[in-house]
Amino acid sequence: MDLEGTGTDFTNNANDWTISSLVDNSIKTTTCAGEDILGGYNIMGTGPGVFFERQYTNLPPHNTIGFHMKAFLLDSWDGGTDNFKISFDGAAFMGISIDTDDYPSLTDRCADSRVDFPPIRAYVTVPHGGDTLTLQIISLLNQDSTNESLGIRDIIPNFITVDTFNYDFCAI
């Protein structure tokens, strides 16, 4: 997979994404455990509410989005306060909070000497219609991205039509 599962160049895919606060205006990607990721160590600015954003247009007819992505929760995530949400057209449907102190066997996978979680996969199903979508992955980390950071890749939004809708969320 790549940034959006299209088989195209990762860096070119990254150009379709906006990051609301960049440490260096020319760098959006880094590498973690041999995988290119959008975001990650020393990419996003400091403070809760910074986000990755992608605009999708000319969508096919649908009433549901089946969405999944791979998330990299890097460095010193503090349980309860550090998390992220996924927003579809301004409606946040999910948050994930996790604490590195609860997992003493974690090792450093990326960038610095702090421990990192293995990548997780997040799956969300939400109602959606219309021919455009603003997708945001919102960081609620409370320290700068050399201390704790979020990276993403393998982002797949599936625009589908279902007869009966159920909200779903899963992270593994």
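Residues numbered from 1 in each chain as written. Predicted model: local features only at pLDDT ≥ 70, side-chain atom pairs only at ≥ 80, totals over all residues. Heavy atoms only, no water.

(A) Structural context of the nonpolar core. Membership of the largest hydrophobic core comes to 35 residues, with the highest contact counts inside it found for Met 69, Leu 135 and Ile 137. Ranked by residues supplied to this core, first place goes to strand 5 (residues 64-75) with five residues. Filtering out sequence-adjacent residues up to four positions away, Ile 137 remains in contact with Val 50, Phe 51, Phe 52, Phe 67, Met 69, Phe 84, Lys 85, Ile 86, Leu 150 and Ile 152. Residues Ile 37, Phe 72, Leu 74 and Cys 110 belong to the second largest nonpolar core, which totals five residues. (Core = buried A, V, L, I, M, F, W, Y, C linked by side-chain atoms within 4.5 Å. Buried < 20%, exposed > 50% of the residue type's maximum accessible area, 1.4 Å probe, protein only. Helix = DSSP H or I, 4+ residues; strand = E, 2+ residues; numbered from the N terminus. Contact = heavy atoms within 4.5 Å.)

(B) Structural view of the pairing of strand 10 (residues 148-160). Burial analysis of strand 10 places 11 of its 13 residues in the buried class, the great majority of the element. Here strand 3 (residues 35-39) pairs with strand 10 via two bridges, running antiparallel. By the bridge assignment for strand 10, Leu 38 is matched with Ile 152. In the sheet, strand 5 pairs with strand 10 via 11 bridges, with the strands oriented antiparallel. Its bridge partner lying in strand 10, Gly 66 is registered against Asn 158. (Pairing = 2+ DSSP bridges.)

(C) Region of interest: the packing of aromatic side chains. Per the counting criterion, the structure on display carries two aromatic pairs. An angle of 85° between the planes, with centres 5.6 Å apart, marks the rings of Phe 67 and Phe 88 as edge-to-face. With a gap of 21 residues between them, Phe 67 in strand 5 and Phe 88 in strand 6 (residues 83-88) connect regions that are remote in the sequence. Its guanidinium or amino end placed over the ring of Tyr 56, Arg 54 lies 4.3 Å from that ring's centre, counting from NZ or CZ. (Phe/Tyr/Trp six-rings, centres within 6.5 Å; stacked < 30°, edge-to-face > 60°. Lys NZ or Arg CZ within 6 Å of the ring centre and 35° of its normal.)

(D) Just unusual backbone geometry, in detail. Phi is positive for Asn 42, close to 60°, though the residue is something other than glycine. Taking relative accessible area as the criterion, Asn 42 reaches 35% and is therefore assigned partly exposed. Positive phi, normally seen in glycine, also occurs at Asp 154, with a value near 50°. Tracing the backbone shows Asp 154 in strand 10. Note on Asp 154: relative accessible area 3%, which makes it buried.

(E) Seen up close, the side chain of Ser 139. Examined against the element boundaries, Ser 139 turns out to sit in strand 9 (residues 133-139). In this structure the side chain of Ser 139 is engaged in a polar contact, spanning 3.3 Å, whose partner is the backbone nitrogen of Leu 141. Residues in contact with Ser 139, not counting those within four places in the same chain, are Met 44, Gly 47, Pro 48, Gly 49, Val 50, Asn 83, Phe 84 and Leu 150. (Polar contact = N/O pair within 3.5 Å; in protein donor to acceptor, adjacent residues only side chain to side chain.)

(F) Representation of the confidence of the model for the protein within the structure. For the protein, per-residue confidence averages 83 on the pLDDT scale, and 83% of positions sit at 70 or higher. Across the protein, the secondary-structure element scoring lowest on mean pLDDT is strand 11 (residues 168-171), at 65, and the one scoring highest is strand 4 (residues 51-56), at 95. (pLDDT = per-residue confidence, 0-100.)

(G) Molecular detail of the pattern of salt bridges. Counted according to the given criterion, the structure contains five salt bridges. Glu 35 is the partner of Arg 153 in a salt bridge, and the nearest nitrogen-oxygen pair spans 3.4 Å. Taken together, the residues Arg 153 in strand 10 and Glu 35 in strand 3 connect sequence positions 118 residues apart. Glu 35 shares its class with Arg 153; the two are buried. Between Asp 154 and Arg 121 there is a salt bridge whose closest N-O contact spans 3.6 Å. Here the residue Asp 154 occupies a position in strand 10, and Arg 121 occupies one in strand 8 (residues 120-127), the gap between them amounting to 33 residues. Taken together, the shared-partner salt bridges connect Glu 35, Lys 70, Arg 121, Arg 153 and Asp 154 into one network. (Salt bridge = Lys/Arg side-chain N within 4 Å of Asp/Glu carboxyl O.)

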